[in-house]
Every structure is written in C-alpha cells, then in structure tokens.
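Here's the letter readout for the chains.
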Amino acid sequence: PEAEARISEAASLSKFFIDAGAEVRLVTPETTVDFGRGLLHLHLLLATLALTGDGRTVREIDGPGARSPFIAFPSRDRLPGAAYAAVAVAFASLALIEEINPLLLLAFSPVLAAGFLFDRARKHPVPKRVLDLMAAAFLPFFVFIDLPTFGALQADLHLVLFILFYLLLSPKTSRVAGQLFVAAFLAFALASGLAVSLLYFPFFLAYFSAAGAWLIRQRDPIPERNGPAWTGALAGLGTAAVLLAALVFLLLPRPYSARMQQLLAGTGLTRLAQAQRSFAGLSERVELGYLGPIRKNTARVMRVSPGNASSENRPPFIRVRGTAFGVFDGRRWHKTRPEFSYRTGDRIVRARQAQAWMRRERRILYAPDYDPDRPVRSDDFTILPLLNTNIVFSLGNIAALETSFPGAYFDSTDTAYFPSAFPEGTRYRVHSQGDEPSFHRSIEGYEALLRDQYARLSVPVERYRRLAEAVAGAGRTTGAEGQARALEAYFRTTYAYSLGEAHGRQSLEAFLFDNRAGNCEYFATALVILLRHLEIPARLVVGFLSSEWNAYGRFFDVRQSDAHAWVEAFLPDRGWTTFDPTPAESSVARGANIFARVWTSSRRIFDALQDRWYRYVVGFDPDTRDNFFFHLRLGLARHALAVLAILGLAAAGVFLLRRRKPRPLRARPRNGLRSAPEDFFERIVARLGRAGFPRRPAETAAAFAAALVRRHPELEPVLPLAAFHYRSRYGGRPLSPHESRDVEGLAARLENGLRVVRRKSPAALASKGRQR
C-alpha cells in the first residue's frame, strides 16, 4: 500500500508539472527517466510508473474478468420517499378504471402501509420462502382459473396487485427495487389504457414527478449539502414533457379504426368491449340503465349535415330519431311487430311480416304519405362502421330517402330500416316534410293499434296514477298537451340527471319516489308510464341528442355519448309530439341546505369538465383537430391586433430578461446551508470562463487573477476574491458573515467590470470560453 501511494503521488506530480510546462525527471529503484517535457514525455513517465515493481509481473487468470453489471437501483438501506409515492400513485390510479371493484383496491391498501412500515423498521416478518411458495401457487391459478373466469382485465389487475404484494413485503435489494419500479409502471400503464376520467391528468402529473424523482434519487443517493440538484431539472423536464405532449396531441390525433376496435375487444379488455356496445343493441329492446355506459363512450357514430346549415344559421342542437318502443315490463322496453295494412297511392297493401316497403323510383325511395307539393328539407347522414344497425336515422319524418341500398321498409313504430346492417358504414340523404314521424298516417285502422300498443298498461299502479293526477291536475283544462307539458316540466325541475352506477340499477319506483335521480331512460320511461295512467298514448324513443358542431366540415358530430331517450305522445290535434323530460343538467333542490347546494354545483361543474374531457381529449381525432385549428384561425383573424400586441409584449419581455443584470454570486446557497469554502471562487472562475476568460489547468488562483487584471484592469475585484479563496480554502476557517457580504459585493463589481470589458473590447470574448 505504501508503494502504491508513492507511485500514485509521483504520477500526479508528473501530470501537474508537465501541464505547467516544466521539465520532469523520474527516478525509481529500477530505472531513471531523464528530464523532458510535453505529452509524449508524460506518457513515458506514466508507463514507467505503471511497470514499477509488481506492475511488471504477468499473472495467469482462469478467464476474462467478469463485467461489472450496471445497477439501475443500487442497494440501499431502504427506498427513498419518492419510491413509495410513485407506487402509491400508480396503485391509486387503478381506481380510475370504472370496471374495477373499488372494494378490491380498498382491501389491498393495507399492504402498501405494511411495506412502508417494514422497510422503515428494517424488519420483514414474512419469510422469503413463504412469498416464493405463494408466487408458485399464484401462477397456475392465474393461467387456469383467473384468466378464463374473470377475463383479461380483472386477471391482469389481480396479477399486478400480487406482484406489488410480493415486492412490497420483500427486503428491498437492488433487484427488488428495480422490479418494484417496473411493477408500479405496469399498474399505471394499465390505468392509462383503460381510464377515461378527467382525474387521470393529475394522476399522470403526480406519477411522472414521483417516478422521475425516484430514478434520479437512485442514481444520486448522496446529494450535495446544498440540496438536491435534480429538483430544478426535474421541474423543467416535466414542464417540457407536458408542453411537448400537448403539441404532439394537437398535431397527431388518434385515428379511429372500427376494425381495430373490434379486434382489441376480442382480447377481453372490458372497456374496448363496451365500445362495441353501441346503438345496435337497442334495435329490439332497451333496459333501464343501458344508456349509462354508452354515454361514457366518445366514439363517433355518425356525421349529420342539416339542410343548408352553416355556422350562422345552424340549430343549437339536433335530435336524431332512431326507433321507438311500446311495451314495458317493469324493467325493459320491448318492441312488438303487429300486422297492419297501409295505403300507398290508390291501393291498400298488406304489410309482410309487419314490414311495409317504401316505393322506389330510380335512386329515391318514397314514403306512402309523400306529398310532392309540400316543401322538403334534405339532411345528409354519414353512418360510421361502429353503428352496426340497419335503422334509418332522421331529424324529422322520412318522406323520401336517397341511398345506395335497393330498398327500405318501415314498421308500426314509425321507424324505417334498411334490408341489412351497414358494418362498413354508409351514406344517405333523408328528405323531410315535417318534424314529427308520419308513417302512421298511411296505416289503416291506426286507432285500434294506438290503443293496443301505446295506451295499454301491463300492470296499472295506483301510486303512479295519484302522482300523475297530482302533477297534471292543473293541465286538465288545457287537454292532453297541457297535461303532458306539466309532467315534462315537473321532471325537469324537481329531478336530477345522473350517470352514477347506482342510479343505473334502480327500479322505476325507486327513481320516482326515493332517489329522484337517474339517466334519460328513467325520465322518459317515467313520463310514458304517467301519461298512460292519464289515458294519453305514449311511447319511448331512443336516438341521439348532439350539439357538437364542426364548423370546418359544416356538420354535427354525433357520438355514442350523445345517446338519448325521450318521449312521443299522441295528441288528437297534432299526432305524435316530442316531449323530453330529462333536465339539461343536474338541478339543485330548492329546499337543500348550503352544503348540498355547494356539493351539487361542484358536481355539475365536474360533470361538464368530464364531458369535455370525453369529447375533446379521449375522443380527439382528425375531425376534432381540424375543427380546433379552424376556430383558432378564425379567432386569430378576428383578434389580429390583440395577438400582435401580446406577441410584441412577449418579445419585449424576453429582450429585457436577456439584458437583465445577472444575479450576484452568493457565498451561501438559497437553502440556508453554508456552502463549501471554495464554492464561491469556483463559480466565479466558471463565470469568467463562460465570458471568454478561461483558467488554464496549471494556473493557480493568484496567477490567474493577476494575469487577468494585467490584461483588463476593470476586473480588479478578482484579486481580493482570490485572496478570500486562499484564506477559506487553505486557512481552514469558513467565511464570516461580514466576509460573505464582502464577497457578494466584490462579485457584483466583477459583473460590472465584465460588462465594461464587453463593451470596450468585444474581441476579448471571441473565444467563448475556449483557449486561443
């Protein structure tokens, strides 16, 4: 060891004096190297020292030396706090997946606390052998029982939770720490792929910060005394990542592929399977609560271009009618298909299997009641592949139809159908001669069908009758329409709209008398049942209610989340008339206390933000992007002067910041801890190097300062700063508070001197810190 120390000292001295330009002679017990200078001589000196003594001996080894592995997570006594934060955020993010039972996550949460406490106490009471046996038993359970029984989503969740369980209760070696990081990433990736909630964004920021801090802290386990140097870099990296992600999000929207969604749905991922649960399932029946999951899906189903609509004269929303139902069994609506006859021209034709076919002339299909003398409004529909149904959608009645299908038919519910579904999508044009359905006008004996299908109650309920009469009593003087309007207003003002999971499983009676909250099927069903108790024929209608206008393409975007249910009541004077009892948003009960009103208002704001998150973030696609940039261009053109003024102010601010006087060098860091004695002078040397005055490797502090002042007297404060450096570095005592203030004043004077030199002699800065 003593010889190794002397060899190391001789090598250091050789390097120092050769760099200084001196001649160096080396004497060892074995040989002598005469005086010389330069890099070649330094190489000779170092080679001689390396071969001194046992360095010349050749040793035999069994094989090539083992390569030192790169350890991403060096072994430590315990994990840093950022590690537990990252794992906790990743675990909590699983609660954002709607298909996961929160009770399972709640039951697992004590494992997080146990792992944290075990690591802090440096005791792990669960033996490693027991954990290994549990892992060996879980693997066949996962493959043969869990996966086939619960599906891919639940099984993957169970697997991730078991991995976290195993690693949290294990001693935190470097391998376990790395595996725990990967397991937390898998948990958050699972939530990222399936969560559509607005709350995902703060979870993303929290996980990004915690995981980034964990990685940097692992690679820098012993930070400097003046605080972790990576905090600023992490904040800057996080800001840059969010800005870059926002830019990429705007420029590269997610393309939609119905075939890819169908393929992924087959893997068992529940959310993608629900994406396929679209309007196609409503062709024959609709169950209370069915539209709740559909309304949480933002997949686009169609584009509708109302006739002659533009950004100036477009309607505020469109009501796209799909189909109607007449029979309710207490839980679900069914569609019956009674036989009927209808008039077409001068003939009466018997419908075949309850299907009345429309008359075709060239490429146009005409309804039996089409009147060529009445005005016509034409609406264009583009049906996308996800809407796998053969229903013909419309904004009003269907008087005529332009389509590539060879034919179309209608039934007794005033619903039109194509002969087959359109799995690849289709386009057609609907010509309307009114806003309400009109196929029934051509049906013979419609009064009897009206009584049998839409006025009959399977089981009258006295409680419903009393409620209907109490609410609509004031409307008796105005007839059936007044009663219907009274009931419609009653639901709109005294009930609340909710997509809550519990409200999607309640009975109609619980909706009417207990919860007074639910989604649109409950409102429409309740109104139909109460109208029938008042002997007013009524039926449930399902379709879409959209207000998303695309100004760039001049069409309404209709998504699954726009699925809606409303009511058509038959009035003697007007025929089928639309009533919509669903409130526009959650309403606050008038008698509620202040806390209930604040909670409901907050919930309303969150629901509005959530709806926009579904539409413009989760459902961001090329059409939404084009519409966004279209409105952006219009806004910039409309407020060009304001935009130019803001850009000018921003440019002026950047210019002033660049000319701002740099912050004076401090003897102490901002966290209040005293810095190392030589820190202030090293920062000054680095500042001078960036200004074009580098310090040579062999130059002492005093020599560097003296040479600098000889060339530029304006930099004279560097001499007393060098003296303070010697006093603190080699005198063995830290700077006093008075000396620290002197150092800050001298640093400020040095900055002023640099500005004078820069104005006086720009050529002095041409090297930009490189030796010339």
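Since the model is a prediction, treat every value here as computed from it, not as a measurement.

A. Representation of the packing of aromatic side chains within the structure. Applying the stated criterion across every chain yields a total of 37 aromatic pairs. Seen in terms of ring centroids, Phe393 and Phe544 are 5.9 Å apart; in terms of plane orientation they differ by 55 degrees. Their pairing is tilted. Of the two residues, Phe393 sits in the loop between β14 (391-392) and β15 (400-403) while Phe544 sits in strand β21 (residues 538-546), which places them 151 residues apart along the sequence. You'll find Phe393 and Phe544 in the same group, each marked buried.

B. Molecular detail of the packing of helix α3 (residues 81-93) against helix α6 (residues 174-194). Where α3 contacts α6, the axes come no closer than 8 Å and their chain directions differ by 30 degrees. When the interaxial angle is binned, α3 and α6 end up roughly parallel. Relative to α6, the crossing made by α3 is left-handed. Residues Val87, Ala90 and Ser93 of α3 pack against Leu180, Ala184, Ala187, Phe188 and Ala191 of α6. In terms of residue class, the contact of α3 with α6 is made up of seven nonpolar, one polar and no charged.

C. Expanded view of the nonpolar core. By size, the foremost hydrophobic cluster in this structure holds 89 residues, and its most contacted members are Met302, Phe381, Phe393 and Phe491. Apart from residues lying up to four places away in sequence, Phe491 is in contact with Phe511, Leu512, Phe523, Ala526, Leu527, Leu530, Pro581 and Pro583. The next biggest cluster of nonpolar side chains, apart from the first, holds 50 residues, and it includes Leu131, Leu164, Leu194 and Tyr207.

D. Geometry of the side chain of Ser438. Its place among the elements puts Ser438 in the loop between β18 (426-432) and α12 (446-454). Under the relative-accessibility criterion, Ser438 is labelled buried at 2%.

E. Spotlight on the packing of helix α13 (residues 462-472) against helix α16 (residues 520-533). Two elements in contact, α13 and α16, have axes whose closest approach is 9 Å; the angle formed by their N-to-C orientations is 85 degrees. In terms of axis orientation, α13 runs roughly perpendicular to α16. Contacts between α13 and α16 involve Tyr464, Arg465, Leu467 and Ala468 from the former and Ile529, Leu530 and His533 from the latter. Class assignment for the residues of the contact of α13 with α16 results in five nonpolar, one polar and one charged.

Definitions and cut-offs
- Residues numbered from 1 in each chain as written.
- Predicted model: local features only at pLDDT ≥ 70, side-chain atom pairs only at ≥ 80, totals over all residues.
- Heavy atoms only, no water.
- Phe/Tyr/Trp six-rings, centres within 6.5 Å; stacked < 30°, edge-to-face > 60°.
- Helix = DSSP H or I, 4+ residues; strand = E, 2+ residues; numbered from the N terminus.
- Buried < 20%, exposed > 50% of the residue type's maximum accessible area, 1.4 Å probe, protein only.
- Axes fitted to C-alpha atoms, helices over the stretch in contact; angles between N-to-C directions.
- Parallel < 35°, antiparallel > 145°, perpendicular 65-115°, else oblique.
- Left-handed = near helix turned anticlockwise from the far one by under 90°.
- Contact = heavy atoms within 4.5 Å.
- Nonpolar A, V, L, I, M, F, W, Y, C, P; charged D, E, K, R; others polar.
- Core = buried A, V, L, I, M, F, W, Y, C linked by side-chain atoms within 4.5 Å.

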